[in-house]
Amino acid sequence: MKPAPFDYVRPRSLPEATALLSDESANAKIFAGGQSLGPMLNLRLARPAKLVDIRNIQALRAVRVDEKSYSIGATLTHAEIEDGAFEDFSQGLLPFVARGIAYRAVRNRGTVGGSLSHADPAADWVSTMAAIGATMVVHGPAGERRVPAEQFLVGAFTSKLGATELLTAIELPRLSATARWGYYKVCRKTGEFAKAIGVTIQDPRAGIFRVLAGSTEGRPVLLARSGETLATQGADRAAGVARQEIEEVLPHLEPGHRQQLAVAVQRSLQKISLLETV
Amino acid sequence: MASEGIGARVLRKEDARHLRGRGQFVGDIRIPGMLEVAFVRSPVAHALIRERKKPAGFENSVIFNDDMPGVLPITTRSSIPGYKVSDYPALAAERVRFVGETIAMCVAPNRAAAEDLCELVDIQYEELDPIVNCATGRASGVKPLHDGWTDNLFLRTSFDQGMDEVIAKAPVVVELELSTARQTMHPMEGKGLVAWWDHRAGQLVVHTSTQVPHMIRIGLAECLGIPQAIIRVAAPDVGGGFGYKCMLMPEEVAVAWLAYTRQGAFRWIEDRREHLTAGANARQHEYKIKAYADERGRFLGLDADVAVDCGAYSVWPFSACLEAAQASGNLPGPYDLKAYRCSTFSVATNKPPFAPYRGVARPGVCFAIELTIDAIAKAVGREAWEVRLENLVAASAMPYTNVTKKFYDSGNYPASLLEVKRMIDFDRIRSEPRRDAKGRYLGVGFATYTEQSAHGTKVFAQWGLPLVPGFDQAHVKLTPDGALEIKAGIHTIGQGLETTLAQIAHEQTRVPLKDIRVVLGDTANTPFSTGAYASRGIVMTGGAVSVASEIVAGRIKSIAAHLLQVRPEDISFRDGAIFAGEASVSYEDVGRAWYMRPDQLPDDVDRGGLEATGAYKPQIDSGVFSYASHAAYVAVDAETGLVEILDYAICEDCGTMVNPMIVDGQTIGGAAQGVGTALFEESPYDDNGQPLASTLIDYLLPGPTELPRFRISHMETPSPYSAHGLKGVGEGGAIAPAGALVNAINDALAPLNAAVHTIPASPERILAAIAAAKPTLNDAA
């Protein structure tokens with residue numbers, strides 16, 4: 001279980017990294033925290049000719065804030081988000097999610113951008129960013145483009161990132177002080193990838209009412225009808241709608257899996273409802 | 001001085017190096033010029049090998065079966081009539097029978113380069129239909145996996161006593177179909193070895209991670225066709241064995257052959273993927289049970305059909321039929337059962353060979369019999385613990401010979417059950433609501449088992465194994481400076497023998513524990529032992545150390561008596577010295593007199609000196625029976641299928657405890673593996689015989705957060721038949737958790753009328769059980 005031979009380069013700037021990636025025939029792959037790619041290299045499931053290690057590019061660690069939104073650099077680690085290395089504008093959601101990712105040893109090295117780029121449907125950030133309505137900032141030879149997080153996954157382990165592109169940052173809306181969120185995942189054991197994820201975000205001031213089912217074996221699913229019901233009739237009603245909506249939009253999944261997704265979503269809504277009554 | 005002998009809760013001598021990361025495992029050994037080996041393994045479950053090609057320029061670095069003329073396959077013969085023999089080659093020749101079977105050995109300066117080389121080897125396969133489960137493998141007309149076999153079973157056995165009478169008149173009949181998943185064992189350290197040629201000694205030196213170094217020497221010599229005297233097997237630190245390291249492996253034969261023929265140093269270190277997909281498989285049983293009882297739930301008879309998914313080849317020396325023999329012999333468990341019928345089928349399948357894993361068959365049979373007891377209790381409308389209590393062999397019946405002629409030497413099984421019922425606070429649980437504040441269903445479950453330990457010569461001979469253990473031996477010596485050296489051929493695999501054997505020697509000689517060194521597991525300098533398996537170490541080697549220490553203690557007394565000018569019977573050991581009245585000499589004085597100043601000793605001094613080899617086996621070969629009861633209290637989330645263990649109580653009795661802390665450690669470690677068996681671990685195969693759990697993402701091991709705080713209480717019933725009343729304790733913890741936990745889950749699910757009969761009790765299985773009991777999912781909430 002040792003990797004096949006590969007070259008290793010460590011660019012110091014974004015243009016340098018882009019240049020290294022631009023030659024598609026070079027079969028280069030971006031390396032950040034290595035928490036998914038490392039095992040895949042060892043199992044020889046990933047066989048890049050060249051690893052481009054982007055951890056020394058300072059620009060990819062930037063946090064930028066304006067009135068309504070903020071952006072976080074792609075190579076910030078889960079642990080940095082967990083520990084509050086930068087100010088939190090998510091009313092605690094991002095640190096909460098970070099704390100539940102794998103184990104601390106993984107969080108110390110794994111990066112938010114790396115996890116998103118890896119596009120594992122069961123990964124926490126994939127669901128969280130889609131639920132919150134984040135935007136992926138993608139850098140490539142043709143310059144910069146933006147992709148809504150909810151559309152970022154094409155399928156399991158496939159994203160809209162091109163072979164020569166690189167995720168540089170994630171832009172998120174700032175949640176107001178009145179925002180409520182619920183995040184629930186079904187895991188068989190601590191640190192394991194989730195069997196089902198439910199996310200609810202409600203911020204009336206910002207007009208956000210979003211309910212999402214994640215770890216669906218593909219792109220996470222925004223539950224539009226549940227979100228509408230949340231906005232108009234509240235979390236308890238939305239919980240009833242969510243189960244029905246999941247049955248409708250994910251008919252291809254095993255009944256047991258749909259059941260777990262419904263429970264995860266309902267429990268994320270329940271958290272909102274509990275917070276409301278406090 | 002605080003006691004350091006038998007019964008003392010002293011810290012483990014071996015922990016200082018392990019806690020500092022200074023142990024020396026196979027992977028830590030460096031021999032100058034050492035090359036690494038990686039294996040080309042079959043990607044298909046069943047195929048003929050049509051063509052094999054080495055990459056140009058690497059003819060010498062790639063080894064195929066026909067490059068090893070004279071090397072014999074691993075063949076486990078058995079004296080049991082009807083047992084069919086399989087030839088398990090170090091490298092496959094014409095045919096492969098499981099995914100992961102070794103086909104070629106690639107040698108390179110490092111593992112990555114060796115794996116690169118593996119990719120260049122070209123093997124062409126002609127695929128054959130695989131046999132991937134017991135049902136297919138035992139069906140009549142299936143083409144056997146091995147040439148010359150008449151059917152596809154390694155062995156079929158049947159036992160029948162008194163059933164016909166019972167079937168006719170039993171008022172209560174309970175039927176169950178149960179199955180247990182295939183598991184892999186996962187010691188922290190996988191398998192591995194370094195083999196090199198020692199020019200000075202003229203010996204092939206094999207440092208292998210093993211429980212049984214002396215047996216491995218015998219096995220290697222047989223396969224390589226060379227004298228045992230030119231092989232030295234020296235086991236370094238071993239990071240867990242669990243049975244995986246008590247057998248000769250093809251990789252061991254291949255790498256030893258390489259070192260022997262090339263007179264160089266080579267190593268192979270198993271990686272986790274090899275362990276998961278090609279390494280020792282275990283535990284997979286299928287049961288069809290029909291139990292007969294009276295209206296109170298008293299067992300009248302038990303009828304069982306047991307199939308073991310044995311994989312493609314027999315392991316050496318424990319054979320492909322040990323599991324079924326243990327299953328058939330142990331299914332009646334700790335219960336007073338007069339009528340019993342059991343048929344076993346050891347089915348050959350296209351999977352890695354089945355190996356004996358901690359508990360050997362008993363985690364499966366305990367699961368089976370304990371679920372049966374609960375099913376009987378349900379059928380007669382009583383609490384399961386009451387029915388269990390009524391069926392357990394009573395203390396007054398000890399010693400008790402059970403229906404399969406197992407001789408339960410001593411103990412009070414009902415008392416252990418009542419103790420865990422008290423510990424788990426059963427009456428409080430029953431007085432409280434069946435659901436907690438989160439809506440989860442609560443349940444409590446019990447399991448009681450016996451653990452045959454240190455069974456000896458006659459038992460193994462009966463099982464027809466090629467290597468039968470006799471007397472274990474140990475050598476004890478007082479050094480010139482008054483310290484004690486113990487040498488024994490068994491090996492320590494994490495179970496604390498460096499400490500417990502020293503405690504036994506201290507018990508006899510009173511040499512301070514810090515001055516006692518224990519050397520184990522090296523064929524060059526330890527007396528023969530078949531090794532560490534079957535929970536035998538503390539009884540067998542402990543007994544041998546006791547015998548040898550007693551002899552040396554007597555000689556110490558004689559020399560001390562001479563030095564003090566008293567009679568030997570006036571000598572006593574006290575406070576780390578040797579006394580006659582108030583006069584004393586030190587152990588060093590005695591050592592110095594014998595080794596350095598023999599001129600001070602009389603002419604008729606015992607010429608055996610201050611060293612002795614002792615040999616031991618218990619008064620009975622049938623083993624001494626430890627036992628325990630486990631109780632589990634769980635919460636089941638009926639919406640997600642997740643189980644939380646709220647409390648877990650164990651009451652165990654392993655006879656006299658040499659070191660209660662080590663007994664606790666063995667119990668906790670075993671129980672942790674039992675939780676894995678009950679809830680998490682599963683190595684499924686698809687219809688093509690491909691293993692689906694190839695990383696630890698797919699194969700779930702319980703971690704610290706999944707394990708309860710096991711609460712343990714001890715009973716101590718010394719065996720009347722073993723030295724110091726010792727019984728083995730290595731395997732027991734792993735036996736009961738599946739029974740106790742699944743009984744607890746089913747107790748929790750009782751209001752939903754659902755029950756799980758397959759382990760691990762995964763969320764999917766629990767949800768499916770609930771769905772099967774209720775037509776729509778929505779009602780479950």
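Keep in mind it's a predicted model, so treat the numbers as computed, not measured.

**Student:** Would you explain the nonpolar core in this entry?
**Tutor:** Side chains that are nonpolar tend, in soluble globular proteins, to be buried together. All names here are of chain B. Within the largest apolar cluster, 93 residues are counted, with the highest numbers of intra-cluster contacts made by F299, L302, L331, I424, F446, I745 and L749. Among the elements that take part in this core, helix α9 (residues 362-380) stands out by supplying 11 residues, more than any other. With 65 residues, the next largest nonpolar core counts W257, L258, A320 and C321 among its residues.

**Student:** How do you make sense of the domain arrangement of chain A when you look at a structure like this?
**Tutor:** Think of interface size as the accessible area that goes away when the parts come together; that is how it is often given. Residue and element names in this part refer to chain A. Taken domain by domain, chain A comprises domain 1 (7-50), domain 2 (61-173) and domain 3 (180-277). Placing a centre on the C-alpha atoms of domain 1 and another on those of domain 2 gives a separation of 19 Å. Around 1000 Å² of area is buried between domain 1 and domain 2 when both sides are counted, 75% of it from carbon and sulfur atoms. Where domain 1 touches domain 2, the interface holds zero residue pairs in polar contact (both at pLDDT 80 or more). Sort the elements by how many residues they give to the side of domain 1 that touches domain 2 and helix α1 (residues 14-22) lands first, with five residues.

**Student:** Can you help me understand the packing of aromatic side chains in this one?
**Tutor:** How two aromatic rings sit relative to each other is set out by the distance from centre to centre and by the angle between their planes. All names here are of chain B. For the structure shown, the criterion picks out 23 aromatic pairs over all chains. Ring geometry for Y648 and F710: centres 5.2 Å apart, planes at 80°, overall edge-to-face. Of this pair, Y648 sits in strand β31 (residues 643-653) while F710 sits in strand β32 (residues 710-715), and the two are 62 residues apart along the sequence. Comparing Y648 with F710 shows no difference in burial state: the two are buried. Three or more aromatic residues joined by ring pairs form one cluster here, namely Y400, Y408, Y413, F625 and Y627. Here R52 stacks its cationic end above the ring of F64, 4.9 Å away from the centre of that ring.

**Student:** Explain the domain arrangement of chain B here, please?
**Tutor:** All names here are of chain B. If you check the domain split of chain B, you get domain 1 (15-22 + 471-616), domain 2 (31-128 + 191-238 + 245-277) and domain 3 (359-457 + 621-776). Just the C-alpha atoms count here: the centres of domain 1 and domain 2 sit 39 Å apart. Here domain 1 meets domain 2 over a buried area of about 1300 Å², counting both sides, of which 55% is carbon and sulfur. When the area that domain 1 buries against domain 2 is broken down by residue, the three leading residues are H491, I493 and T523, summing to 40%. Among the salt bridges present, the one from D237 reaches R17, with a minimum N-O distance of 2.7 Å. Here domain 1 is connected to domain 2 by eight residue pairs in polar contact (both at pLDDT 80 or more).

**Student:** Looking at this structure, how should I read helix α7 (residues 124-132) of chain A?
**Tutor:** An α-helical turn contains 3.6 residues, so any two residues separated by three or four positions project in the same direction. α7 of chain A sits mainly inside the fold: nine of its nine residues count as buried. Those residues of α7 of chain A that fall on the buried side of the exposure criterion are D124, W125, V126, S127, T128, M129, A130, A131 and I132 of chain A.

**Student:** Can you help me understand the sheet that holds β32 of chain B in this one?
**Tutor:** Backbone-to-backbone hydrogen bonds join strands into a sheet, with any given pair of strands oriented parallel or antiparallel. Residue and element names in this part refer to chain B. What the four strands build is an open sheet, ordered β22-β30-β31-β32; its pairing is mixed. In this open sheet, the two strands that pair with only one neighbour each are β22 (441-453) and β32. Across the sheet, the mean angle from the axis of one strand to that of its neighbour is 15°, orientation sign disregarded. In this structure, β31 lies alongside β32, joined through six bridges in parallel fashion. Note that in β32 the partner of A649 across the bridge is R711. Relative to β32, helix α17 (residues 660-680) is tilted by about 130°, and along the sheet it contacts β31 and β32.

**Student:** How should the packing of α9 of chain B against helix α18 (residues 737-749) of chain B be read in this particular structure?
**Tutor:** Between two packed helices, the angle of one axis relative to the other and the distance separating the axes together describe the packing. All names here are of chain B. Across the interface, α9 lies against α18 with an axial gap of 8 Å and an inter-helix angle of 30°. Taken together, the axes of α9 and α18 lie roughly parallel to each other. By crossing handedness, the relation of α9 to α18 is classed as right-handed. On α18, the residues that touch F367, E370, L371 and D374 of α9 are A738, G739, V742, N743 and N746. For the contact of α9 with α18, the per-class residue count stands at four nonpolar, three polar and two charged.

**Student:** Looking at this model, I keep getting lost on the interface of chain B and chain A. Mind explaining?
**Tutor:** Counting from both sides, the interface comprises 31 residues of chain B and, opposite them, 24 residues of chain A. Run the count over chain B and chain A and you get seven salt bridges. The partner of R44 of chain A in a salt bridge is E115 of chain B, with the nearest N and O atoms 3.7 Å apart. Taken together, the links from chain B to chain A amount to 16 residue pairs in polar contact (both at pLDDT 80 or more). Of all elements in the fold, only α2 (111-120), α7 (272-277), α17 and α19 (763-773) of chain B reach the threshold of two or more residues within the side of chain B that touches chain A. Among the elements that take part in the side of chain B that touches chain A, α2 of chain B stands out by supplying five residues, more than any other. Looking at the side of chain B that touches chain A residue by residue, the classes come out as 14 nonpolar, six polar and 11 charged.

**Student:** Explain the sheet that holds strand β23 (residues 472-478) of chain B here, please?
**Tutor:** Residues and elements named next belong to chain B. What the four strands build is an open sheet, ordered β25-β24-β23-β29; its pairing is mixed. The open sheet is flanked by β25 (516-520) and β29 (611-616), the only strands paired with a single partner. Here the average twist between neighbouring strands, direction ignored, is 20°. Relative to β29, β23 runs antiparallel, the two sharing six bridges.

**Student:** Explanation requested: the packing of helix α10 (residues 384-391) of chain B against helix α11 (residues 413-423) of chain B in the structure shown.
**Tutor:** Residues and elements named next belong to chain B. It is at 9 Å that the axes of α10 and α11 come closest, and there the two elements cross at 160°. Regarding the angle of α10 to α11, the classification is roughly antiparallel. Like other packed secondary-structure pairs, α10 and α11 cross with a definite hand, here left-handed. Where α10 approaches α11, its residues W385, R388 and L389 are matched on the opposing element by P414, L417, L418 and K421. Its residues assigned to classes, the contact of α10 with α11 comprises five nonpolar, no polar and two charged.

**Student:** How should I be thinking about the environment of R52 of chain B in this particular structure?
**Tutor:** Residue and element names in this part refer to chain B. Locating R52 in the fold gives a position in strand β2 (residues 47-53). Classification of R52 as partly exposed rests on a relative accessible area of 23%. Measuring from C-alpha to C-alpha, the distance between R52 and Y125 comes to 9.2 Å, with 73 residues separating the pair along the chain. A polar contact of 2.9 Å, which involves the side chain of R52, links it to the side chain of D66.

**Student:** For this particular structure, what's the right way to read the pairing of strand β13 (residues 203-208) of chain B?
**Tutor:** For a regular strand, the rule is simple: side chains alternate between the two faces of the sheet. Residues and elements named next belong to chain B. Counting buried residues along β13, six of its six residues qualify, which places the element largely inside the surrounding structure. Going residue by residue along β13, you find Q203, V205 and H207 tucked away on one face and L204, V206 and T208 tucked away on the opposite face as well. Sheet topology places strand β12 (residues 192-198) next to β13; six bridges connect them, and they run antiparallel. Looking at the pairing, W196 lines up with V205 of β13. What joins β13 to strand β14 (residues 231-233) is helix α5 (residues 213-224), and the crossover it makes is right-handed.

**Student:** Explanation requested: unusual backbone geometry in the structure shown.
**Tutor:** What is expected of a backbone is that most residues other than glycine have negative phi and most peptide bonds are trans. In this structure, P317 of chain B follows W316 of chain B across a cis peptide bond, with omega equal to 0°. Residue position: P317 of chain B is located in the loop between β18 (299-309) and α8 (322-330). With an omega of -10°, the peptide bond between M398 of chain B and P399 of chain B qualifies as cis. Note that P399 of chain B resides in the loop between α10 and β20 (400-401). The phi dihedral of S215 of chain A falls on the positive side, at around 60°, and the residue is not glycine. The class for S215 of chain A is buried, based on a relative accessible area of 6%. A positive phi angle, close to 55°, is found at H186 of chain B, a residue other than glycine. Exposure remark for H186 of chain B: the relative accessible area of 9% places this residue in the buried category.

The rules behind these values
- Residues numbered from 1 in each chain as written.
- Chains lettered and ligands numbered in written order.
- Predicted model: local features only at pLDDT ≥ 70, side-chain atom pairs only at ≥ 80, totals over all residues.
- Heavy atoms only, no water.
- Core = buried A, V, L, I, M, F, W, Y, C linked by side-chain atoms within 4.5 Å.
- Buried < 20%, exposed > 50% of the residue type's maximum accessible area, 1.4 Å probe, protein only.
- Helix = DSSP H or I, 4+ residues; strand = E, 2+ residues; numbered from the N terminus.
- Domains from an automatic or database assignment.
- Buried area = accessible area lost by both parts, 1.4 Å probe.
- Polar contact = N/O pair within 3.5 Å; in protein donor to acceptor, adjacent residues only side chain to side chain.
- Phe/Tyr/Trp six-rings, centres within 6.5 Å; stacked < 30°, edge-to-face > 60°.
- Lys NZ or Arg CZ within 6 Å of the ring centre and 35° of its normal.
- Salt bridge = Lys/Arg side-chain N within 4 Å of Asp/Glu carboxyl O.
- Pairing = 2+ DSSP bridges.
- Axes fitted to C-alpha atoms, helices over the stretch in contact; angles between N-to-C directions.
- Contact = heavy atoms within 4.5 Å.
- Parallel < 35°, antiparallel > 145°, perpendicular 65-115°, else oblique.
- Left-handed = near helix turned anticlockwise from the far one by under 90°.
- Nonpolar A, V, L, I, M, F, W, Y, C, P; charged D, E, K, R; others polar.
- Right-handed = clockwise from strand over helix to strand, strands pointing away.

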